[in-house]
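Residues per chain, in single letters:
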Amino acid sequence: MWLAAFLLQHPTPNGYAANSNSSTLPVSQSASAPFEITPAGAGSRNNSRSQRQPPQQLDSGTFGPSAAASTTSSSKPNFESLDYELVENTVYRTDTASQTHLDHIFKSGVKWTLCFALGVITAGCAFAVNLGVENISGYKFWATLTLLGRGQAFASYLVYVLINCSLVAGSVYVTMYYAPAAAGSGIAEVKAYLNGIDVPGIFLWNTLVVKLVGSVGAVAGGLAVGKEGPFVHAGACLGALLTQGGSG
């Protein structure tokens, strides 16, 4: 009797319930029909059939985490993660301990010299860009007002539109075909770099030149943009070029 009571309280691992007559029947696990009895072996056949089914393949229109993972694995990003932490190992400690007081003074002098040079060069680039914008805008308004003073309003309008479109189209052309990394203000790229993401090509010579030329064309062409954002990127380009020769 104690064996029958033990088997009734502890069902077997295969989902069968034992009774005092030692005859076992599979009990359904459904909550809606707790006393439903299924034929013996049906559950195991269904489980084995579901295990033999091949996994469903994702089609081209599938969305979700699985699709994102497959897309990420197929197309490798060109971004590189940076680590600004110092590697404090035996070599680093030995090199630091071997430096004299003059070495520290020399390093500090190099840092301050580079900072001063960066400020001077950035100011020179800003002056060149401002000079180009003022001269091109002055010529544009001179031609427009000259034709307007002669009573040729439509010709004045055409000249104004043609000069603006030419300046903007030139800026777009050099950005697309020579330095695509120079597109936009550049503040987002600099913030991404400072947060440890090395965007390819944002601190190269051609990026700096196209940034300055594109700023002249965009501002002189009448777009609702300014020189402040691009010069954050230009200053970062100059700093990277002075200290490490750019960042590819």
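These numbers come from a predicted model, not from an experiment.

Draft legend 1. Examining the overall build of the protein more closely. Per the secondary structure count, the protein includes nine helices and four strands. If you list the helices and strands of the protein from N to C, you get α-β-β-α-α-β-α-α-α-α-β-α-α. Residues classed as buried in the protein amount to 25% of the 248 residues present. Sequence separation of at least 24 residues holds for 66% of the intrachain contacts in the protein that already meet a minimum separation of 6. Only carbon and sulfur atoms are counted for the fraction: they give 65% of the accessible area of the protein, which is about 17,700 Å².

Draft legend 2. Structural view of the packing of aromatic side chains. In the structure shown here, the tally under the stated rule is five aromatic pairs. Centre to centre, the rings of tyrosine 173 and tyrosine 177 are 4.8 Å apart; their planes meet at 40 degrees, and the pair counts as tilted. Of the two residues, tyrosine 173 and tyrosine 177 both sit in helix H6 (residues 153-178), four residues apart, roughly one turn of that helix. Between tyrosine 173 and tyrosine 178, the aromatic rings sit 6.2 Å apart at their centres with planes inclined by 70 degrees, giving edge-to-face as the arrangement. On the basis of relative accessible area, tyrosine 173 is assigned to the partly exposed category, the value being 45%. Grouped by ring-pair contacts, the aromatic residues Tyr173, Tyr177 and Tyr178 constitute a single cluster. Across the ring face of phenylalanine 141, the terminal group of lysine 140 is positioned such that the distance to the ring centre comes to 5.0 Å.

Draft legend 3. Main features of the packing of helix H5 (residues 101-149) against helix H8 (residues 205-220). In the contact formed by H5 and H8, the axes pass within 9 Å of each other and the chain directions differ by 35 degrees. Handedness of the H5/H8 crossing: right-handed. Residues Cys125, Val129, Gly132, Val133, Ile136, Ser137 and Lys140 of H5 form the contact with H8, whose own contacting residues are Leu212, Ser215, Val216, Val219 and Ala220. Looking at the contact of H5 with H8 residue by residue, the classes come out as eight nonpolar, three polar and one charged.

Draft legend 4. Focus on the layout of surface pockets. Roughly 320 Å³ of volume is contained in the largest pocket. Secondary-structure elements contributing two or more residues to the lining of the largest pocket are H6 and H8. With six residues, H8 is the largest single contributor of residues to the lining of the largest pocket. By residue class, the composition of the lining of the largest pocket is ten nonpolar, seven polar and one charged.

Draft legend 5. Focus on a nonpolar patch on the surface. On the surface, a cluster of nonpolar side chains totalling about 630 Å² of accessible area is made up of Phe106, Val110, Leu114, Phe116, Val120, Ile121 and Leu242. For the nonpolar patch, the element with the highest residue contribution is H5, accounting for six residues. Inspection of the secondary structure assignment puts phenylalanine 116 in helix H5. On the accessibility criterion, phenylalanine 116 (61% relative accessible area) is exposed.

The rules behind these values
- Residues numbered from 1 in each chain as written.
- Predicted model: local features only at pLDDT ≥ 70, side-chain atom pairs only at ≥ 80, totals over all residues.
- Heavy atoms only, no water.
- Helix = DSSP H or I, 4+ residues; strand = E, 2+ residues; numbered from the N terminus.
- Buried < 20%, exposed > 50% of the residue type's maximum accessible area, 1.4 Å probe, protein only.
- Contact = heavy atoms within 4.5 Å.
- Areas by Shrake-Rupley, 256 points an atom, 1.4 Å probe, with all protein chains shown as cover.
- Phe/Tyr/Trp six-rings, centres within 6.5 Å; stacked < 30°, edge-to-face > 60°.
- Lys NZ or Arg CZ within 6 Å of the ring centre and 35° of its normal.
- Axes fitted to C-alpha atoms, helices over the stretch in contact; angles between N-to-C directions.
- Left-handed = near helix turned anticlockwise from the far one by under 90°.
- Nonpolar A, V, L, I, M, F, W, Y, C, P; charged D, E, K, R; others polar.
- 1 Å grid on protein atoms, 1.4 Å probe; cavity = no way out; pocket = protein on both sides within 12 Å on 5 of 7 lines; lining within 4 Å.
- Points joined across faces, edges and corners; volume = space filled by probe spheres on them.
- Patch = residues over 30% accessible without salt bridge, like charges linked within 9 Å, V, L, I, M, F, W, Y side chains within 5 Å.
- Salt bridge = Lys/Arg side-chain N within 4 Å of Asp/Glu carboxyl O.

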